[in-house]
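# Examining the three-dimensional arrangement
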Amino acid sequence: MSEKKNNWPLWEVFIRSRQGLGHRHVGSLHAADAEMAIGNARDVYTRRQEGVSIWVVPAEEITASSPDDSEALYDPANDKVYRHPTFFDLPDEVNHM
Amino acid sequence: MVVSQEQLTKQFNAYVADDKKIEPKDWMPDAYRKTLVRQISQHAHSEIIGMLPEGAWITRAPSLKRKAILLAKVQDEAGHGLYLYSACETLGVERDDLVADLLSGKAKYSSIFNYPSKTWADIGAIGWLVDGAAIMNQVPLCRCSYGPYARAMVRVCKEESFHQRQGYTIMMELMKGTKEQRDMAQDALNRWWWPSLMMFGPSDKDSKHSAQSMSWNIKRFSNDELRQRMVDMTVPQAELIGLKIPDPDLKWNEKKGGYDFGEINWDEFYEVIAGNGPCNEERLEARNKAHDDGEWVRKAAMAYAEKH
């Protein structure tokens, strides 16, 4: 069965859909190298003008946070409700704030 | 704190029941992961094998316009397969293993592609009915509980309606043509109608995975519900262009607001799944040949990448 494996690395693909917007993750693909990954990303993810710029990143180079750390990472933000403007009560007469 | 599997599963079930999404690194029960790997990989394989009956007509399409359209359509199917393999890999499986399972015959794909495409009208019938049934199945999957699968389905569904329209307009054009052309369209409908209805899977009472998939919000509607919708949607489309649905039992049922239709030949359905359809062997042979013929290209690309 090993001959059936090509072992081309996995690349994550990010596309800028139009000027003015950031690149956004769209999926992944396999390719032998970066140049081929860009070419494949063009064929797989932008057949209908979905993009004006492509990033490809080797999947193994991505460090991701773990869902198990959610509490440590995101919960403290919940304590600081004063970061939201609605925390502050203003008299009705005050406009444009 | 150690949480038991049982507790985790309970939390998970409540979470998905609340219509929330699961992402790749989230905890999920093994059975959920297995179900998704099976369903998404079968779906991907279907897209890939689905290129074969249509690909056979690219060189024989009746005009340059139709050739270009069919080529684009078949390329989309390849793309759909790749979106789906990509989604499947987020569950911790390797693409090469999935592909190997397809090539060895271990993995299943949609039985519809084990029927032959005999005439140009078959390309019309496939786009209209097979892609039509696929849309019916896939639109609810855009809301599936597993994020990467749902997102892949959104992309697929956006592209799929072009496929159905290109098929229906082939049928329309043929029905405006000579008697021979109209007969060809009718013959294609006669052969593809029942297999298209089989695409929704076994009847609800015999579907072993349905209930669990529905409770996990992978599946939103039952096989029979979707099949009924397909019939209700397609019958008027056939009538409009003068085609006759090959079912003597087909009758509008005012009370249920839908059509009653004849019994599906389930023996045929299970025979084709078991590998005894008209083209099962041919499809796998063609797929294996394409894979083997591409071997040197894959190796050369890898060798080039390692060198540079």
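These figures come from a predicted structure and were not determined experimentally.

## What about the interface of chain A and chain B?
In this complex, chain A contributes 27 residues to the contact, which on the side of chain B involves 29 residues. Carbon and sulfur atoms make up 49% of the area that chain A and chain B hide from each other, which totals about 2200 Å². Taken together, chain A and chain B are joined by four salt bridges. The residue R48(A) makes a salt bridge to D76(B) at a minimum N-O spacing of 2.5 Å. Our enumeration of links across chain A and chain B arrives at 13 residue pairs in polar contact (both at pLDDT 80 or more). At the level of secondary structure, the elements contributing two or more residues to the side of chain A that touches chain B comprise β2 (23-30) and α1 (34-45) of chain A. Counting residues per element, the side of chain A that touches chain B draws most heavily on β2(A), at five residues. Looking at the side of chain A that touches chain B residue by residue, the class counts come to twelve nonpolar, seven polar and eight charged.

## Structural notes on the packing of aromatic side chains
The final tally for this structure, using the stated rule, is 13 aromatic pairs over all chains. Between F14(A) and W55(A), the aromatic rings sit 6.4 Å apart at their centres with planes inclined by 55 degrees, giving tilted as the arrangement. Taken together, the residues F14(A) in strand β1 (residues 10-16) and W55(A) in strand β3 (residues 53-58) connect sequence positions 41 residues apart. The class of F14(A) is buried, set by a relative accessible area of 19%. Ring geometry for F269(B) and Y270(B): centres 5.0 Å apart, planes at 75 degrees, overall edge-to-face. Residue Y270(B) is classed as partly exposed on the basis of its relative accessible area of 38%. What links up through ring pairs into an aromatic cluster is the set F12(B), W27(B), Y32(B) and W216(B). Its guanidinium or amino end placed over the ring of Y83(B), R155(B) lies 5.0 Å from that ring's centre, counting from NZ or CZ.

## As for the pattern of salt bridges
Counted according to the given criterion, the structure contains 24 salt bridges over all chains. Close ionic contact of R283(B) with E282(B) constitutes a salt bridge, the shortest N to O distance being 3.8 Å. With a closest N to O distance of 2.7 Å, K289(B) and D293(B) form a salt bridge. Of this pair, K289(B) and D293(B) are both found in helix α12 (residues 280-293), four residues apart, which corresponds to roughly one turn of the helix. Take D293(B): its relative accessible area is 43%, and that puts it in the partly exposed class. Residues participating in the shared-partner salt-bridge network are R47(A), R48(A), D76(B) and E159(B).

## Here we look at the sheet that holds β3(A)
Through backbone hydrogen bonds, the strands of a sheet pair up, either in parallel or in antiparallel fashion. All names here are of chain A. If you trace the three strands from one edge of the open sheet to the other, you get β2-β1-β3, paired in antiparallel fashion. At either margin of the open sheet sits one strand with a lone partner, and together these are β2 and β3. On average, each strand axis in the sheet is tilted by 25 degrees relative to the strand beside it, whichever way the strands run. By the bridge criterion, seven bridges tie β1 to β2 in an arrangement that is antiparallel. Residue pairing for β2: E12 is matched across the bridge by S28.

## So, the confidence of the model for chain B
Summarising the model, chain B shows a mean pLDDT of 96, and 100% of its residues fall at 70 or more. As scored by the predictor, the complex reaches a pTM of 0.93 and an ipTM of 0.90.

## Considering helix α7 (residues 147-175) of chain B
At 3.6 residues per turn, the α-helix brings residues three or four places apart onto the same side. The end-to-end C-alpha distance of α7(B) is 42 Å, a good match for the 42 Å that 29 residues give at a rise of 1.5 Å each. If you look at α7(B), its biggest bend is around 30 degrees, right at E159(B).

## Observations regarding the environment of L73(A)
As for its placement among the helices and strands, L73(A) is situated in helix α2 (residues 70-74). Between the alpha carbons of L73(A) and D89(A) there is a distance of 29 Å; along the sequence they are 16 residues apart.

## Side note on the state of the cysteines
Taken as a whole and judged by the stated rule, the model has zero disulfides over all chains. Summary of cysteine pairing: C144(B) is not part of a disulfide, and the nearest cysteine sulfur, belonging to C142(B), is at 9.5 Å.

## Observations concerning the packing of helix α8 (residues 179-198) of chain B against helix α10 (residues 223-240) of chain B
Residue and element names in this part refer to chain B. For the pair α8 and α10, the least separation of the axes is 9 Å and the interaxial angle reads 145 degrees. Residues W193, L197 and M198 of α8 pack against R227, M230, V231 and T234 of α10. Here the residues of the contact of α8 with α10 are counted per class, giving five nonpolar, one polar and one charged.

Rules and cut-offs
Residues numbered from 1 in each chain as written. Chains lettered and ligands numbered in written order. Predicted model: local features only at pLDDT ≥ 70, side-chain atom pairs only at ≥ 80, totals over all residues. Heavy atoms only, no water. Contact = heavy atoms within 4.5 Å. Buried area = accessible area lost by both parts, 1.4 Å probe. Salt bridge = Lys/Arg side-chain N within 4 Å of Asp/Glu carboxyl O. Polar contact = N/O pair within 3.5 Å; in protein donor to acceptor, adjacent residues only side chain to side chain. Helix = DSSP H or I, 4+ residues; strand = E, 2+ residues; numbered from the N terminus. Nonpolar A, V, L, I, M, F, W, Y, C, P; charged D, E, K, R; others polar. Phe/Tyr/Trp six-rings, centres within 6.5 Å; stacked < 30°, edge-to-face > 60°. Buried < 20%, exposed > 50% of the residue type's maximum accessible area, 1.4 Å probe, protein only. Lys NZ or Arg CZ within 6 Å of the ring centre and 35° of its normal. Pairing = 2+ DSSP bridges. Axes fitted to C-alpha atoms, helices over the stretch in contact; angles between N-to-C directions. pLDDT = per-residue confidence, 0-100. Expected span 1.5 Å × (residues − 1). Bend = angle between axes of the 7 residues up to and from the residue. Disulfide = S-S within 2.5 Å.

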